[in-house]
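Below are the chains, spelled out letter by letter.
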Amino acid sequence: MTTHTTTVTQTEAPPSFFDSATYIPPDAIFALTAEYNTDTSPNKVNLGQGTYRDENGQPWVLPSVQKSREILLTQGLNHEYLPILGLQSFRDNATLMALGPDLYEKVQSRLSTCQALSGTGSLHTAGLLLRSCHSPPPKIYIPSPTWSNHHQVFSSLGFPCESFTYYDSSHKDLNIESYISALKTATPGSVVILHACAHNPTGCDPTKQQWIQLGQIIKERGLFPLFDAAYLGFNSGNVDDDAFAIRYFVGELGLEVAVCLSFAKNMGLYGERTGCLFLVTRSKETAVNAQSTLEMLQRSEVSNPPAYGAKIAATILSSRELKDLWYKDLETMSGRIRAMRVALYNSLNDYGAPGNWDHLVRQSGMFGFLGLEPDVVLKLKEEYHIYMAGNSRVSIAGLNETNVEYVARSIAECLKGY
Ligand code: LMR
């Protein structure tokens, strides 16, 4: 009997520690890029993932970044660890860039800063900090629609997330009424995710007047503004314009804020994971304490952040000459995107694509939110080899003089039901 039992135990596979892991489908936007990469059609067009492409459809290393790399090489690059909180000159200059010199000077003693793994890492680190300061974790209000990763970042940290209607799909515009009503009924002490500019995916931002109104309600209701600022300078071509909401909330309303900066888009440092989380807090003491908590959280998670991108960005931001070059790069990228937006709009109208396309030129930033049905999005991919996000968001930077007419003509054909 005993022998029999032993034999059975040896031949049966023991249960896995991961038996309860459920299958999660691949991330939609990264899966779309992978699908595009394996498509052999000469006509293929990638309007999926938000990555800048030049007029030849190629990745673009910004001239300011190129110059910064050369400087770093002549200085002799090593591969030593950065401090846990990251490169000090990067943290300082990134925060200075977002706040502008006057406001930066005014709040400098109340700042906590921490280098992070691009926009996602900054949001995640902000979540870790908020969770360590509040038990149970506060509710997070997230606009709908939003960037595909927002819910995942915060729900995976245990935050209760609630969506509010941001977009009016019938008028294809920001739904300011529902936005205001969501804020007016939000639970005090909750966190609100704000896209600082270039709302992803809709391309619809509040006007300055609307930001002022939203900020005042956030203040009255005792909500905490958490800015996702992934497109500063990339949206309009001007960092100061794109940072309006952040600066208004801090400078005019005197609010505490968290700002998640990414240099993926505005410096093209996608794979270098270059980002910075900063907080403007109520007092010097709070800032010191919060920063020490950030340091502990960072140590427990990534130990210390990656160096190369931070060195590239800091070299640009700390040199007058390189910064001017970068400002030109921002104009080049945002200008080309604006021109392609207009070209797509004109071509859609020229080809008689059914419907009104004015929303496309009202929107701004990297994305165009077309408003196509899922079956049209699928047909465009399967029959025309044109790839876009399932919600018909297109990365305008994927368009160029060579493919824009093909894209417009294909959309027109699909909508006419050819
Ligand atoms: C996008 O929205 O396509 C980009 O921000 C890439 C990403 O990480 O989702």
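About the criteria used
- Starting afresh in each chain, residues are numbered from 1 along the sequence in its written order.
- Per-residue local features are limited, in this predicted model, to residues with pLDDT of at least 70; the limit for side-chain atom pairs, both in listing and counting, is 80 or more; totals at the level of whole chains, interfaces and linings are taken over all residues.
- Hydrogens and water are ignored here; the side-chain numbers use all heavy atoms of the structure.
- UniProt positions are given in the numbering used here, feature names are shortened, and annotations may be inferred rather than shown by experiment.
- For each residue, the test is whether any non-hydrogen atom lies within 4 Å of the molecule or strand; if one does, the residue is near.
- Here a polar contact is taken to be a pair of N or O atoms separated by no more than 3.5 Å, where protein atoms must pair a possible hydrogen donor with a possible acceptor and residues adjacent in sequence count only if both atoms sit in side chains.
- Residue exposure ignores everything except the shown protein chains as possible cover, and the areas themselves are Shrake-Rupley values with a 1.4 Å probe.
- Residues are grouped as follows: Ala, Val, Leu, Ile, Met, Phe, Trp, Tyr, Cys and Pro are nonpolar; Asp, Glu, Lys and Arg are charged; every other residue, Gly included, is polar.
- With axes taken as lines fitted to C-alpha atoms, and helix axes fitted only over the stretch in contact, angles between N-to-C directions fall between 0 and 180 degrees.
- Secondary structure elements are taken from DSSP: a helix is a run of H or I of four residues or more, a strand is a run of E of two residues or more, and numbering for both begins at the N terminus.
- What sets the label is the angle itself: under 35 degrees gives roughly parallel, over 145 gives roughly antiparallel, 65 to 115 gives roughly perpendicular, and the rest give oblique.
- Handedness of a helix crossing follows the sense of rotation of the near helix relative to the far helix, less than a right angle counterclockwise being left-handed and clockwise being right-handed.
- Contacts were defined at the residue level, with two residues in contact if any of their heavy atoms lie within 4.5 Å.
- Bear in mind that the domain bounds are from an automatic or database domain assignment.
- Once two parts are joined, some of their accessible surface, as seen by a 1.4 Å probe, is lost; buried area is that loss totalled over both.
- The salt bridge criterion pairs a side-chain nitrogen of Lys or Arg with a carboxyl oxygen of Asp or Glu, the two atoms within 4 Å.
- Among the buried residues, those of types Ala, Val, Leu, Ile, Met, Phe, Trp, Tyr and Cys that are joined through side-chain atoms within 4.5 Å form a nonpolar core.
- Working definition: with a 1.4 Å probe on protein chains only, accessible area under 20% of the residue-type maximum means buried, over 50% means exposed, and in between means partly exposed.
- Any two of the Phe, Tyr and Trp rings considered here, Trp counted by its six-membered ring, make a pair once their centres fall within 6.5 Å; the pair's planes then place it as stacked at under 30 degrees, edge-to-face at over 60, or tilted in between.
- Each helix should span, by expectation, one fewer than its residue count multiplied by 1.5 Å.
- Working note: the arc is built from the helix axis to C-beta atom directions.

Per an unreviewed UniProt entry, the chain goes by the name Aromatic-amino-acid aminotransferase and belongs to Aspergillus ibericus CBS 121593. What the UniProt record of the chain gives under Sequence similarities (unreviewed entry) is the line "Belongs to the class-I pyridoxal-phosphate-dependent aminotransferase family." Check the Cofactor (unreviewed entry) section of the UniProt entry for the chain; it says "pyridoxal 5'-phosphate".

If you check the shell around the ligand, you find I29, F30, Q49, G50, W147, N200, K265, F367 and R393 and nothing else. Between an oxygen atom of the ligand and a side-chain N or O atom of W147, the distance comes to 2.9 Å. A distance of 2.8 Å separates an oxygen atom of the ligand from a polar atom in the side chain of R393. Across the complex, the protein chains shield 83% of the 260 Å² of accessible surface that the ligand would expose by itself. Looking at the shell around the ligand residue by residue, the class counts come to four nonpolar, three polar and two charged.

The next point concerns the packing of helix α8 (residues 176-185) against helix α9 (residues 208-220). In contact at an axis separation of 9 Å, α8 and α9 are set at 15 degrees when each is read in the N-to-C sense. Judged by the inter-axis angle, α8 sits roughly parallel to α9. Crossing angle aside, the handedness with which α8 passes α9 is right-handed. Here I176, Y179, I180, L183 and K184 of α8 come into contact with α9, specifically with Q210, Q213, L214, I217 and I218. The residue inventory of the contact of α8 with α9, partitioned by class, reads seven nonpolar, two polar and one charged.

Domain annotation for the chain reports domain 1 (28-61 + 325-416) and domain 2 (81-318). Between domain 1 and domain 2, the contact holds 23 residues from the first and 26 residues from the second. Summed over both partners, the interface of domain 1 with domain 2 comes to about 2000 Å²; 60% of that surface belongs to carbon and sulfur atoms. Across the domain 1-domain 2 interface, the total number found is one salt bridge. Two residues, D173 and R362, come together in a salt bridge whose shortest N-O distance is 3.5 Å.

Burial of nonpolar side chains together is a common tendency in soluble globular proteins. Of all hydrophobic cores here, the largest spans 105 residues; its most connected members are F227, L232, F249 and L261. If one sorts the elements of this core by residue count, helix α14 (residues 320-350) sits on top with nine residues. Mapping this core onto the domain boundaries places at least three of its residues in each of domain 1 (28-61 + 325-416) and domain 2 (81-318). Among residues more than four places away in sequence, those in contact with F249 are L194, W211, L214, G215, I218, P225, F227, G254, L255 and V257. Membership of the second largest hydrophobic core comes to 24 residues, among which are A126, L157, F224 and A258.

Moving on to the UniProt feature "domain: Aminotransferase class I/classII large" (unreviewed entry) in the chain. The positions that UniProt labels "domain: Aminotransferase class I/classII large" (unreviewed entry) are, in the present scheme, residues 43-411. Taken end to end, residues 43-411 has its terminal C-alpha atoms 14 Å apart, with 47% of it in helix and 15% in strand.

Attention now moves to the packing of aromatic side chains. Pairs of aromatic rings are described using the distance from one ring centre to the other and the angle between the two planes. Enumeration according to the criterion identifies 15 aromatic pairs in this entry. A ring pair is formed by F244 and Y248, whose centres lie 5.9 Å apart and whose planes are at 20 degrees; its orientation type is stacked. With F244 and Y248 both in helix α11 (residues 244-252), this residue pair falls four residues apart, about one helical turn. Residue Y248 is classed as buried on the basis of its relative accessible area, which comes to 12%.

Further remarks concern the packing of helix α3 (residues 63-75) against helix α13 (residues 308-317). Packed helix pairs are characterised by how far apart their axes lie and by the angle those axes make with each other. Their axes nearest at 9 Å, the elements α3 and α13 cross at an angle of 105 degrees. Between α3 and α13, the angle falls in the class roughly perpendicular. Facing α3, whose interface residues are S64, V65, S68, R69, I71 and L72, α13 presents Y308, K311, I312, T315 and I316. Residue composition of the contact of α3 with α13, grouped by class: six nonpolar, three polar and two charged.

We now examine helix α12 (residues 284-301). For α12, with 18 residues, the first-to-last C-alpha span of 26 Å sits near the 26 Å given by 1.5 Å per residue. The set of residues buried in α12 consists of A287, A290, L294, L297 and Q298. With its buried residues spanning 100 degrees around the axis, α12 presents them on a single face. In this structure, α12 carries E285, V288, R299 and S300 as exposed residues pointing more than 90 degrees from its buried face. Residues of α12 that are buried make contact with β2 (111-117), α6 (118-133) and β10 (274-280). Trailing α12 by a residue or two, S303 shows a phi angle of about 70 degrees, which is positive.

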